[in-house]
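Residue-level structure breakdown
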Amino acid sequence: MFFSGDPSTRKRVDLGGRSTKEGDARKLLEQTKMERNRRLLQKKHNSAALKIQKVFRGRRSTAIVRSKVRRDFCETYGDNCQNVDRHCFEPASSFLPQFLFFFKAQSSGDFVMLVETCRLLRKFAHSSGDILSLFSGLDYSSEHNMVDFRVKKLAFTCIEAIHQNRDRLRDQLLVTPEEATISTAILMDAMSLLLDPKLPWVCKIVSYLQKRNIFKLVREIVTTAKEGSRSPTMNGSILSLESVLFLVVPHVGREPCCCPVVDPRWSFSSMILTIPFIWQLFPNLKVVFANPSLSQHYVHQMALCIQKDTHVLPIDTNTEFPGNACLLGNTLEIANVVLSQPECSLDMAIDIASVATFLLETLPPIKSSERESRHSSSEEDDDMLIDDVQELVLNRTLEQQITTNAIDSRFLLQLTNILFHQVSGGTQSYDEDKEALAIATGSSFLYAAFNILPLERIMTVLAYRTELVAVLWNYMKRCHENQKWSSMPSVLAYLPADSPGWLLPLVVFCPVYKHMLTIVDNEEFYERGKPLSLQDIRLLIIILKQALWQLLWVNPLTQHNSGISVSNDLSKKNRVDLIQNRVGVVIAELLSQFQDWNNRQQFTSSTDFQADTVSEYFITQAIVEGTRASYILMQAPFLIPFTSRVKIFTTQLATARQSHGSEEIFAGNRFRIRRDHILDDAYNQMSALSEDDLRGPIRVTFVNELGVEEAGIDGGGIFKDFMEKITLAAFDVQYGLFKETVDHMLYPNPGSGMIHGQHLQFFHFLGSLLAKAMFEGILVDLPFATFFLSKLKQKYNYLNDLPSLDPELYRHLIFLKRYKGDISDLELYFVILNNEYGERTEEELLPGGKDMRVTNKNVITFIHLVSNHRLNFQIRQQSSHFLRGFQQLIPREWIDMFNEHELQVLISGSADSLDIDDLRENTNYSGGYNAGHYVIDMFWEVMKSFSTENQKKFLKFVTGCSRGPLLGFKYLEPAFCIQRAGGSVSNEAVDRLPTSATCMNLLKLPPYQSKEQLETKLMYAISAEAGFDLS
């Protein structure tokens, strides 16, 4: 660098904006901090090293001392304790202190010494019969501290030695006292001697063992033993390990026992009851545990852990046998024994139900090979409230243990009797809070069971072998009459404290009652008041309707789902929504079933099913998808008046027709149809139409028997006539596709395939034809059987639907149901005889049914299967294809707004006579006529004088359909109009017949001079049936 002539030193500039001094200070601080941390770390290392050295030196010193004591012990008592006598166990002897000091379970030599010590102990105890003096000498009271310490150490050393060597001894762990030469039997028998309940130190031994987690050790011993090749001998002998548990388990911290309370994580319940099938391994322990006071202590302990949300179960290592499932299976198995005892208390039943509920909710739904398909709409359409999670697959034997015990009829009968009858019995005074707790606990258990266990089986037991429905009804009836529902305790942790008192009872009551109604016959329901009287049912309908309206409209859910899930990952809010939504579903299903019974034989007003506050605003909202009102319309349509639902339905139809251009009179597909071959021509030309073509306009030109096209342009009227004619032809029983019941109601012919090779395609076509008639607002006179209409709603038919099909078979089945003798004497088997067109075939109702005799135990199943065969199975293919065709135009959600009785009215209109006054009020006039014209007055007088049949003929003459609009003639489109035919009152004009334009709903009426002339001409015109040539 060259000298610039400036003697001063140029300052260095930090372009980062900081001075050099500032940067140096920061660097110094960082270096100081790093140095301080380094010294601190070094200090920790030194401290750790000192601790390690200290522990090492201590253990080395202990090992040296132990080795020395062991050598001294062997010199004194021998390598195999050959120098030991009975006095060596006394307080003055150093035998036990030395041995317990140097003993190491992992040492094979020490293990042999321990076995020999226990063998000698057993020998001396048996020879003298006094084990107390063996350890304490002559005076236990003065030496009891030392004696107690030695015996508890010796007892724990025995179980610890077995535990530490369990892998080596895996085939010797489950032995009996009779196998006296086996080392493990000797050690456990010595423990049993020391744990004799008569000995004064027994509580101290048990306390010490429990503090050292004896149940954890036993669990690991049993788990290892199950992996061994040896199976325990099931010859009635008690296992040595089982004998030890006999003596430890009853110590539960009660007088006179002074044992402390054990940490629930290491308790008998958590460690032993979570072993798979523990009662099969230790059947005698099961008898001991079933003692009411003992089982109540442990079950109550589990219930307290549940209430505190304490996780006490061991970590699962085998996914097939998770601890919660094993605990549930073992608890349910012992509960069957405990509940059958007279001493079983209400508190015990509440604890059992609480524990079982909690454990059930942690399991996935149990799939069973016998699990029947569920027919309720709610179960078909259930949506999950959570994302899919990996499903836990339980061992099949474990599933069977849970299912068998939970669905056992004695268990459910005993549990429901104790929970419900003890608080809802005939006593005048009762504890309201206790009653609410019992009802809520029992209902919660059954609700969890419905979600997890095979539903059909548990429903059958509850419905036919318990009095659950009657008991719950008495409770709900009393609450309703007192206008006070007891608040439900928080037996479900996620249930809000302000939940309505009817929530839990109804979630159980409704599905069980609904299941009962599937086998109840008409006499039982209407006359004998079984299971409830008609008066009670009327009150029940009011209660259910109010509860449902509150759930769906007053206090609605934030989201509408009908899912069933039991995953632990459900949030608390979702669980609340789940149970509330489930209650809404089961109430709606039961009310719908009551409505079906009311339609068969009315016992209450149809308005009793309707909500009291359905406004016009509600109706307008119901049409809008995604609203609360639309959800109610889908979930519980009976809450809305029938006329309002018809308005919604017609609005939906009009919207669909407009979107497909159905209002364009002269557009659409055109077909030439021969009147005398109407069905064949229609099927050949129209069966291939697409869904869009069916929704669009269809125009028909009729060809008469001479091959000449009939006069008239189809603006809609000819198509109406075509629909009536083709439905009459296609559904005629002579054609063979449909049959009639004794009440002349139509249903698919089970033997249709024997007559028509393409019968299923015909059913598809007829389904689309019926849908087209409804789509266009055309009423057709087709009286369908109720059990067939239920197929349009995809519902299942039961015994009570059978009288409409085969009343004789129904009577025979009811005879079997009420038969008091031995049904097996009747020589009936699970087969049914079909007789179609003289061809007799025998069909099994169950696999192997021809060899399965009907007995008193399975007669209800037989009745169900016979009803199912006739009402569902025989017509399943025909109904399925008919439904597919029908749903091309009419979606299921539209039909679900109506029950079967209402659906028949939608198809055919009301069977009541025409309201002529309504027609007159909604009639227009043209061509010189008006409401006050003398010809019009004569016309209405003639119409009122007509019979109902002639009134229907007239309506068909002017509109193409013999039935009026569902909501009255105000809704006839276009409105009915009477037009004057002929310009003046001349002979030529009055000799003419009245004519019509059905596409315009127009009557062309000449100005007749007299009432008699008008009646004669009108009767001739409506009775001519000359096709459209007349008009």
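Remember, it's a predicted structure, so these values are computed and weren't measured experimentally.

**Re the overall build of the protein**
- Looking only at helices and strands, the protein features 43 helices and 10 strands.
- Within the protein, buried positions represent 51% of all 1031 residues.
- Accessible area for the protein stands at about 48,800 Å²; split by element, carbon and sulfur atoms hold 51% of it.

**Concerning the pattern of salt bridges**
- What the rule picks out here adds up to 36 salt bridges.
- In this structure, Arg122 and Asp189 form a salt bridge, with 3.2 Å as the shortest nitrogen-oxygen distance. Here the residue Arg122 occupies a position in helix H3 (residues 108-128), and Asp189 occupies one in helix H6 (residues 183-194), the gap between them amounting to 67 residues.
- Between Glu900 and Lys795 there is a salt bridge, and its shortest N-O distance comes to 3.1 Å. Taken together, the residues Glu900 in helix H38 (residues 900-908) and Lys795 in the loop between helix H33 (786-792) and helix H34 (807-817) connect sequence positions 105 residues apart.
- Each of Asp521, Glu523, Glu524, Lys530, Lys817 and Arg818 takes part in salt bridges that share partners, so that together they form one network.

**Looking at unusual backbone geometry**
- The amide bond that connects Lys530 to the next residue, Pro531, takes the cis arrangement and shows omega of 5°.
- On the secondary structure map, Pro531 appears in the loop between helix H23 (522-526) and helix H24 (534-554).
- Unusually for a residue other than glycine, Phe277 sits at a positive phi of about 55°.
- Its location among the elements puts Phe277 in the loop between helix H10 (268-271) and helix H11 (278-281).
- Non-glycine residue His744 carries a positive phi angle of around 65°.

**Section: the packing of aromatic side chains**
- The tally for this structure, following the rule as stated, stands at 54 aromatic pairs.
- Centroid distance Phe525 to Tyr526: 5.1 Å. Interplanar angle 80°. Geometry classified as edge-to-face. Here Phe525 matches Tyr526 in class, with each residue buried.
- Their ring planes at 65° and their centres at 5.6 Å tell us that Phe525 and Phe603 sit as a pair that is edge-to-face. In this pair, Phe525 is assigned in helix H23 and Phe603 in the loop between helix H25 (572-600) and helix H26 (616-622), connecting sequence segments 78 residues apart.

**A short note on the packing of helix H19 (residues 432-452) against helix H21 (residues 468-481)**
- Packing of H19 against H21 brings their axes to within 13 Å, and their N-to-C directions diverge by 135°. The angle between H19 and H21 places the two elements in the oblique class. As for how H19 packs across H21, the hand of that crossing is left-handed. Contact residues: Glu435, Ile439 and Leu446 in H19; Leu468, Leu472, Tyr475 and Arg478 in H21.

**Structural notes on the nonpolar core**
- By size, the foremost hydrophobic cluster in this structure holds 280 residues, and its most contacted members are Phe135, Phe509, Tyr513, Phe594 and Phe722.
- Of the residues forming this core, the biggest block, 11 residues, is contributed by H24.
- Counting residues in each nonpolar core, the second largest holds 28 residues, with Leu914, Trp940, Met943 and Ala1021 among its members.

**Thoughts on the environment of Ile895**
- Along the chain, Ile895 turns up in helix H37 (residues 892-895).
- Classification of Ile895 by relative accessible area gives buried; the value is 0%.
- On a C-alpha basis, the gap between Ile895 and Phe649 in space is 8.8 Å, while along the polypeptide they are 246 residues apart.
- For Ile895, the residues in contact, after removing those within four places along its chain, are Met774, Leu792, Lys793, Phe886, Ile890 and Leu903.

**What to know about a nonpolar patch on the surface**
- A cluster of nonpolar side chains, Met754, Ile755 and Tyr837, forms an exposed patch at the surface whose accessible area comes to about 310 Å².
- With respect to the element layout, Ile755 can be found in the loop between strand S4 (746-748) and helix H32 (759-775).
- By relative accessible area, which is 39% here, Ile755 ends up partly exposed.

**Observations regarding the confidence of the model for the protein**
- For the protein, per-residue confidence averages 83 on the pLDDT scale, and 86% of positions sit at 70 or higher.
- Low pLDDT, under 50, characterises residues 369-390; the stretch is placed with 52 contacts to residues that sit more than four places away or in other chains.
- Within the model, the stretch residues 558-570 combines pLDDT values under 50 with 49 contacts to residues more than four positions away or in other chains.

**Some points on the sheet that holds strand S9 (residues 995-997)**
- Read across the open sheet, the four strands follow the order S7-S8-S10-S9; overall the sheet is mixed. Edge positions in the sheet fall to strand S7 (923-926) and S9, since each of these pairs with one other strand and no more. Strand-to-strand twist in this sheet, taken as the mean axis angle between neighbours without regard to direction, amounts to 25°.
- As judged from the four bridges shared by strand S8 (residues 976-980) and strand S10 (residues 1002-1005), these two strands associate in the parallel manner. When the bridges of S10 are listed, Cys977 appears paired with Leu1002.
- On top of the sheet, helix H40 (residues 934-945) reaches S7, S8 and S10; it is set at about 130° to S8, its chief contact.

The rules behind these values
Along each chain, numbering runs from 1 in the same order as the chain's sequence is written. Owing to the predicted nature of the model, reporting of local features is limited to residues with pLDDT of at least 70; listing and counting of side-chain atom pairs is limited to 80 or more, with chain, interface and lining totals taken over all residues. Side-chain figures throughout are based on the complete set of non-hydrogen atoms in the structure, without hydrogens or water. Note on conventions: DSSP H or I runs of at least 4 residues are helices, E runs of at least 2 residues are strands, and numbering of each starts at the N terminus. Throughout this description, buried means an accessible area under 20% of the type-specific maximum (1.4 Å probe, protein chains only), exposed means over 50%, and partly exposed covers the range between. For the accessible areas, the method is Shrake-Rupley and the probe is 1.4 Å, while residue cover comes only from the protein chains on display. The working definition used for a salt bridge is a side-chain nitrogen of Lys or Arg within 4 Å of a carboxyl oxygen of Asp or Glu. Stacked, tilted and edge-to-face are the three classes assigned to paired rings of Phe, Tyr and Trp, where Trp is represented by its six-membered ring and a pair needs centres within 6.5 Å; plane angles under 30 degrees give stacked, over 60 edge-to-face, the rest tilted. Axis definition: a line fitted to C-alpha atoms, over the contacting stretch in the case of helices. Angles run 0 to 180 degrees between N-to-C directions. Note on angle classes: values under 35 degrees are labelled roughly parallel, values over 145 roughly antiparallel, values of 65 to 115 roughly perpendicular, and the remainder oblique. When the near helix sits turned anticlockwise from the far one by under a right angle, the crossing is termed left-handed; a clockwise turn instead gives a right-handed crossing. Every residue pair with non-hydrogen atoms within 4.5 Å of one another is taken to be in contact. By convention a nonpolar core is built from buried Ala, Val, Leu, Ile, Met, Phe, Trp, Tyr and Cys residues, the set being connected through side-chain atoms within 4.5 Å. Only residues above 30% relative accessible area that lack a salt bridge enter a patch, with like-charged residues linked at up to 9 Å and the nonpolar side chains Val, Leu, Ile, Met, Phe, Trp and Tyr linked at up to 5 Å. Every residue carries a pLDDT, the predictor's confidence in it, which falls somewhere between 0 and 100. Strands pair, by our definition, only if DSSP identifies at least two bridges between them.

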